[in-house]
Structures are given as C-alpha cells and as structure tokens.
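Single-letter residue listing:
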Amino acid sequence: MKNIVRLTLLTLAFLQLGACGGVMDSKREARQTYLLTPDTSITGAPAAASAPGLAVAISVVPGLDTDRILALGPDARLSPYANARWPDHLPEVITSVLKRSLSASGDFSSVEASSRASDGGWSLTLELQQFYGIQNGTGETSSVRVEFAGTLECNGNSIPLRLSDSNSVSEDRLSAVVAAHQRGLNDVTRQLLEQVRSACS
C-alpha cells in the first residue's frame, strides 16, 4: 500500500513538473522584429562643401522608451503588440532612421547624433510624443499616430517645431500596423525638411 501511495505521489509530481515546463516552453509565436527604414523619397544630390552640419538629439515621452511596438486603447492604456519589437529602444531607432534620412537629403554636410552643434552648425532637438497604433474597444487597430515637438537652431534663430501625422491601417494585421508606422515616420520627416528649408534658407 505504501508503495502505491509513493508511486501515485511521484506520478503527480512529474505531471506538475511537465505542466510547468509547458508554460516555460510554450509554443507561442517567436518574437518578431520589425525594421524602420530611411525615407528614400527625399534623397538628393550630395551636399555642397558649404552646407551646414546638423546635430540631432531625439528623446521620447515616458512610456515610449521601449523596443516593444505599442498600441493606445480607448481607456488610455498603452499595450504592446504580442511578440512584436523594434530592433532597439525607440530613441535609438528613430535617431538612426532620421539621421540617415537627413544625411541622404543633401541639405547637410554631416548629420550627427548629438545635443551640441559644431561651430557654425545647426541643431535639432525633438521629443517623440506619439508613436503607436490606435485601438478601439474590441482591440482592432484603426490608425497609427506619429508626433514630434522640438526646436531647430539655425543661423542664430530658434524655431519651434511640431510635426504630426495619422495613417489609417488597411487591415488588422501586424505588418499593416508597422507599414502605417513607416508611412507616418516618412511623412513627418518630409514635414521636418520642409520646415528646415523654409526657416533656415
């Protein structure tokens, strides 16, 4: 009888261990990493030697300093999309993409990630305030919002900037949500260049 009890207890213990292992090694979808790329539509001729250098400093509001791809619900709750990430935390990702887009524009002799402009250079300080999908009460994503606010320093002037865009999501799939993020980032990059050219020419 004791042997039967022991055998039953051992069997139950192994079953519990198996259940724990199933939770730890669950067959969830593998983590998916999505890349944002520079806006190729603004590529111009190489910059002239006399073109100014540009220092770019990007920060984000609390809640966005993450590598998770986020959605904002109707109850103001930020939630990550399951298993979906950017290659790095958002400030690093956006800095890299903007730096490459602005470098390719041909408007600047150099574009550096820095909070201080070089002698005779210009500086751009931006805070990313919105960069997420907008979800309804059933969890469907209808659009993606992108918004920056900041300051451009050029030619001894300080120009306040506000850049924003909203892109609809064609279908409730993660690839469509990421594509809307890319379109939004491209749109605000073009807005940024237009404002720089207008204010600093």
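By convention here, each chain's residues receive numbers from 1 onward along its written sequence. This being a predicted model, a pLDDT of at least 70 is required before a residue's local features are given, and a value of 80 or more before pairs of side-chain atoms are given or counted; all residues contribute to the totals for chains, interfaces and linings. For the side-chain quantities, the full set of heavy atoms in the structure was used; hydrogens and water were omitted.

A count of helical and extended segments in the protein gives three helices and eight strands. Secondary structure elements are taken from DSSP: a helix is a run of H or I of four residues or more, a strand is a run of E of two residues or more, and numbering for both begins at the N terminus. Seen in sequence order, the protein has helices and strands lined up from the N terminus as α-β-β-β-β-α-β-β-β-β-α. Note on exposure labels: buried denotes an accessible area under 20% of the residue type's maximum, exposed denotes more than 50%, and partly exposed covers the range between, all computed with a 1.4 Å probe on protein chains only. Burial statistics for the protein: of 201 residues in total, 41% are counted as buried. Residue pairs in contact within the protein that sit at least 24 positions apart in sequence constitute 67% of those at least 6 positions apart. All accessible areas in this document rest on Shrake-Rupley with a 1.4 Å probe, and a residue is counted as covered only by the protein chains that are shown. With the model as given, the accessible surface of the protein reaches about 11400 Å², and the carbon-plus-sulfur share is 53%. The criterion used for residue contact is that any of the two residues' heavy atoms lie within 4.5 Å.

Here we take up helix α2 (residues 90-104). Any helix carries an expected span of 1.5 Å times its number of residues minus one. In this model α2 runs 21 Å from its N-terminal to its C-terminal C-alpha over 15 residues, within 8% of the 21 Å that 1.5 Å per residue would give. Three or more residues of α2 are buried, namely L90, P91, V93, I94, T95, V97, L98, S101 and L102. Residues of α2 that are buried sit in contact with β2 (53-60), β5 (110-113), β6 (122-135), β7 (141-154) and α3 (174-200). Of the residues flanking the end of α2, it is G106, one or two places downstream, whose phi is positive at about 80°.

Let's shift gears to the confidence of the model for the protein. On a range of 0 to 100, pLDDT expresses the predictor's confidence in each residue. Summing up the model confidence of the protein, the mean pLDDT is 87 and the portion of residues at 70 or higher is 86%. Looking across the protein, the model is least confident in helix α1 (residues 2-24), with a mean pLDDT of 42, and most confident in strand β3 (residues 68-72), with 98. The low-confidence segment residues 7-27, where pLDDT is below 50, has zero contacts with residues more than four positions distant or belonging to other chains.

Here we take up empty space enclosed by the protein. A cavity here means a set of points on a 1 Å grid, drawn over the protein atoms and nothing else, where a 1.4 Å probe fits but cannot get out; a pocket is an open set with protein on both sides within 12 Å along at least five of seven lines, and a residue lines either one if it has an atom within 4 Å of a point. Grid points are joined across faces, edges and corners, and a volume is the space filled by probe spheres set on the points. Under the criterion given, the structure shown has one cavity of 30 Å³ or more. Of the volumes computed, that of the largest cavity is approximately 30 Å³. As for the largest cavity, its lining consists of L64, T66, R68, I69, L70, W86, L90 and F131. With three residues, the top contributor of residues to the lining of the largest cavity is β3. Polarity classes work like this: nonpolar for Ala, Val, Leu, Ile, Met, Phe, Trp, Tyr, Cys and Pro, charged for Asp, Glu, Lys and Arg, and polar for all others, with Gly in that last group. Class assignment of the residues belonging to the lining of the largest cavity gives a composition of six nonpolar, one polar and one charged.

Once that is clear, we can look at the pairing of β2. Of all eight residues making up β2, seven are buried, and the element is well covered by its neighbours. Of the strand pairs in this sheet, β2 and β5 are connected by four bridges, and their pairing is parallel. By the bridge assignment for β5, A55 is matched with E112. As paired elements, β2 and β6 share seven bridges and run parallel to each other. Bridged to V60 within β6 is L128. Only strands joined by at least two bridges in the DSSP assignment are considered to pair.

Once that is clear, we can look at the pairing of β7. Most of β7 is tucked away, with ten of its 14 residues classed as buried. In this structure, β6 lies alongside β7, joined through twelve bridges in antiparallel fashion. Residue pairing for β7: G133 is matched across the bridge by V144. In this structure, β7 lies alongside strand β8 (residues 157-168), joined through twelve bridges in antiparallel fashion. Among the inter-strand pairings, R145 is bridged to a residue of β8, identified as S166. Hairpin geometry of β7 and β8 is characterised by an intervening segment of two residues between the two adjacent antiparallel strands and by a positive phi of about 50° at N155.

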